[in-house]
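# Descriptive structure summary
The chain contents come next:
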Amino acid sequence: MELNNVKEPAGVTGDLPTTVDVLIAGAGPTGLALAIDLTRRGLRALLVERQDRLSPGARGTGVQPRTQEVFDDLGVLDAVRAVGGLYPELGFWENGRIARTAEMIERVDPTPDRPYSNALMVPQFRTQEVLHARLRELGGTVLLGTELTAFAQDSDGVTAQLRGADGAEYSVRAAYLVAADGGRSTVRRALGIAMSGPSLPPGAAVLADVRVDGLDRDHWHRWVLPDHGFISLLPLAGTDYFQTMIITNSTDTSPEAVRAELTAHTHLDAGQIREVLWSSLFRPKAGLADAFRAGRVFLAGDAAHIHSPAGGQGLNTSVQDAYNLGWKLGQVLRYGAPDTLLDSYEAERRPIAEGILDTSTRLHTSGSLRRGRDLHQLGIGYPDSPLTRELRTDVPEGVPHAGDRAPDAPCATADGTPTRLFDAFRGPHFTLLTLGATDLDTSALPADPALLRVVRVGGPAPDLLDTDGHVRDAYGSDPAVLLIRPDGYLAHAAPAGDATAQVAAALAAYVGTAVPQPAG
């Protein structure tokens, strides 16, 4: 792929739908991930982006292990891994040589229950290109050069005004509107939702993507300056250039100024700095929206929370917003679930965003360079969610409870073919995981495999065999019935007895008609 080459015909075309299920404003990682999730559910999502191309620049490069699990489910992980790589160790330059090295990003070995154990370094524009390609593969698209200029909502939906690059204006009716339009969200401001948060130390950084000769690609190069500023050059996987961060007294983002700063504060000369492909001025901010929902309008990603880049949490939190909201919109629009299900989006995601905001702010103000497994977001869960029901007693330590992430486990199909639980979970459906012998009567449950799939491990007629005990290690040895949400969290956990009635009661929160509604 060439750098930032996604540039579809801009503006609104003649076949613009006048009615859609969900209108999404903003085609960053959040909007793209949400559009993928909705499209694979058979819903009609219209994704509009004010710019005439997807955002350029490496920007946020860290894809944490939990987001890799999300990408696995959305069908893009292999493509993301193909254009990414692990972060190299830091190399500190002094007197024209690397004087010392340090590991900034902790390396963690994978385990059966956590197959993705390290943060991937992927330029954000590459992440967007991969997501965009997946959306196109599913039949969706992005309307670039198309701006959401106004909207009004009523009890039945949202009427939005769009303006194309040619100035023509169009009206679109949607059941719901999702604002994924960034930290300066025009939708959030139009709703009058305030954003507040901690004050970060004043300062600015020049970010740039540059082609440079004379540096190895085995280190994250760093020069510490006398005034406590620094310059860093990170070799970007899958490219021949470096992401540059310049923290000096300069805020000039012109290619000439970037070259001048690099030559003034490193051993590089002007001839070695071959090209400045992209640059921007970044001023760290932190904030959390007072609400994530206003009627039929939702805020997601940077529109709902702004983080310091310290710790690589912002993009990941944003994608997981989309992943949380997407399946709930699907249940309401396709299966007649009550609209109140959508209230759980804010109830679940706002506390998570608040906690991650505290973490990224702490890392930013401390100046610590160490990044450990606490940033992987694998420990995120929803134990206090109104959707969570834990009915077991005396659950052994280490066994996931309702509200926790559902771990992976290698196993085998009934004929001995190797597989894993993540293969069973993958897709927009709920998964009913039964462990051991239960009295579950599947004839009393919805028969739509797009809604619910039953997977038996052990018992008299197993679908999967726990050949090496990995399922037992991950979920415990007691018979149980676990309802796993489409986003990979345990919604309902119950003992084996009276399983049919318990599961039916749990599903009632997510299914109104139990008959899928026509897409679009």
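Quantities reported herein were computed from a predicted structural model and do not represent experimental measurements.

### Side note on the sheet that holds strand β13 (residues 205-212)
One key point about sheets: their strands pair by backbone hydrogen bonds, in either a parallel or an antiparallel sense. Taken in spatial order, the seven strands of this open sheet run β6-β5-β14-β15-β16-β13-β17, and their pairing is mixed. Among the strands making up the open sheet, the edge pair consists of β6 (97-102) and β17 (273-282). Averaged over all neighbouring strand pairs, the angle between strand axes comes to 25°, with direction disregarded.

### Section: the packing of helix α1 (residues 29-40) against helix α7 (residues 314-335)
As a packed pair, α1 and α7 sit with axes 8 Å apart at the nearest point and diverge in direction by 25°. It follows from the interaxial angle that α1 and α7 lie roughly parallel. Regarding α1 and α7, the two cross each other, and that crossing is right-handed. The residues of α7 that touch α1, namely those facing Pro29, Thr30, Ala33, Leu34, Asp37, Leu38 and Arg40, are Leu315, Ser318, Val319, Ala322, Tyr323, Gly326, Trp327 and Leu329. Class assignment for the residues of the contact of α1 with α7 results in ten nonpolar, three polar and two charged.

### Description of unusual backbone geometry
With a phi close to 75°, His228 is a non-glycine residue in the positive phi region. Mapped onto the secondary structure, His228 falls in the loop between β14 (219-224) and β15 (230-235). With a relative accessible area of 75%, His228 lands in the exposed category. Positioned with a positive phi, Gln377 is a non-glycine residue whose angle comes to about 65°. In this fold, Gln377 is placed in the loop between α8 (343-366) and β22 (389-390). Using a relative accessible area of 5% as the deciding quantity, one classes Gln377 as buried.

### Quick notes on the nonpolar core
Nonpolar side chains in soluble globular proteins tend to end up buried together. Within the largest apolar cluster, 114 residues are counted, with the highest numbers of intra-cluster contacts made by Leu433 and Tyr475. Here this core gets ten residues from one element, more than from any other, and that element is α7. Once residues lying within four places of it in the same chain are set aside, the contact partners of Leu433 are Leu421, Phe425, Val455, Val457, Tyr475, Ala480, Val481, Leu482 and Ile484. In terms of nonpolar packing, the next biggest core, distinct from the first, is built from 16 residues, Val206, Phe242, Leu268 and Ile273 among them.

### Brief notes about the environment of Gly459
Within the secondary structure, Gly459 sits in the loop between β26 (452-457) and β27 (464-465). For the pair Gly459 and Val503, spaced 44 residues apart in sequence, the C-alpha to C-alpha distance is 18 Å.

### Focus on empty space enclosed by the protein
Counting across every chain of the model gives two cavities of 30 Å³ or more. Among the elements of the structure, α2 (65-74) and α9 (421-425) are those that each provide at least two residues to the lining of the largest cavity. No other element matches α2, which puts five residues into the lining of the largest cavity. Of the residues belonging to the lining of the largest cavity, the class tally is seven nonpolar, three polar and seven charged. Taken as a whole, the second largest cavity spans an internal volume of roughly 40 Å³. As for the second largest cavity, its lining consists of Arg66, Val70, Gln320, Tyr323, Asn324, Arg349, Tyr382, Asp487 and Tyr489. Contributing elements (two or more residues each) for the lining of the second largest cavity: α2 and α7.

### Quick notes on the packing of aromatic side chains
What the rule picks out here adds up to ten aromatic pairs. When the centroid spacing of 5.6 Å and the interplanar angle of 90° are considered together, the rings of Trp327 and Phe430 count as edge-to-face. Of this pair, Trp327 sits in helix α7 while Phe430 sits in strand β25 (residues 430-435); the two residues are 103 residues apart in sequence, bridging distant segments of the chain. The pair formed by Trp327 and Phe430 is uniform in burial state, with each residue classed as buried. Cluster of aromatic residues (ring-pair linked, three or more members): Tyr176, Phe292, Phe298 and Tyr345. In this structure, Arg222 packs its charged tip against the face of Phe230, placed 3.7 Å from the ring centre.

### What about the side chain of Asn324?
Structurally, Asn324 can be placed in helix α7. With a relative accessible area of 1%, Asn324 lands in the buried category. Those residues within four positions of Asn324 in sequence are excluded, and the remaining contacts are Tyr345, Glu348, Arg349, Tyr382, Arg485 and Asp487.

### A short note on the sheet that holds strand β3 (residues 62-63)
What the three strands build is an open sheet, ordered β3-β7-β4; its pairing is antiparallel. Two strands bound the open sheet, and with one partner strand each, they are β3 and β4 (85-86). When β4 meets strand β7 (residues 120-121), the two strands line up antiparallel, connected through two bridges. Residue pairing for β7: Gly85 is matched across the bridge by Met121.

### Considering a positive patch on the surface
Together, Arg184, Arg189, Arg283 and Lys285 line one region of the surface with positive charge. Mapped onto the fold, Lys285 is located in the loop between β17 and β18 (287-289). Given the relative accessible area of 49%, Lys285 is considered partly exposed.

Cut-offs and rules
Residues numbered from 1 in each chain as written. Predicted model: local features only at pLDDT ≥ 70, side-chain atom pairs only at ≥ 80, totals over all residues. Heavy atoms only, no water. Pairing = 2+ DSSP bridges. Helix = DSSP H or I, 4+ residues; strand = E, 2+ residues; numbered from the N terminus. Axes fitted to C-alpha atoms, helices over the stretch in contact; angles between N-to-C directions. Parallel < 35°, antiparallel > 145°, perpendicular 65-115°, else oblique. Left-handed = near helix turned anticlockwise from the far one by under 90°. Contact = heavy atoms within 4.5 Å. Nonpolar A, V, L, I, M, F, W, Y, C, P; charged D, E, K, R; others polar. Buried < 20%, exposed > 50% of the residue type's maximum accessible area, 1.4 Å probe, protein only. Core = buried A, V, L, I, M, F, W, Y, C linked by side-chain atoms within 4.5 Å. 1 Å grid on protein atoms, 1.4 Å probe; cavity = no way out; pocket = protein on both sides within 12 Å on 5 of 7 lines; lining within 4 Å. Points joined across faces, edges and corners; volume = space filled by probe spheres on them. Phe/Tyr/Trp six-rings, centres within 6.5 Å; stacked < 30°, edge-to-face > 60°. Lys NZ or Arg CZ within 6 Å of the ring centre and 35° of its normal. Patch = residues over 30% accessible without salt bridge, like charges linked within 9 Å, V, L, I, M, F, W, Y side chains within 5 Å. Areas by Shrake-Rupley, 256 points an atom, 1.4 Å probe, with all protein chains shown as cover. Salt bridge = Lys/Arg side-chain N within 4 Å of Asp/Glu carboxyl O. Lys, Arg positive; Asp, Glu negative; His and termini not counted. Charge placed at Lys NZ, Arg CZ, Asp CG, Glu CD.

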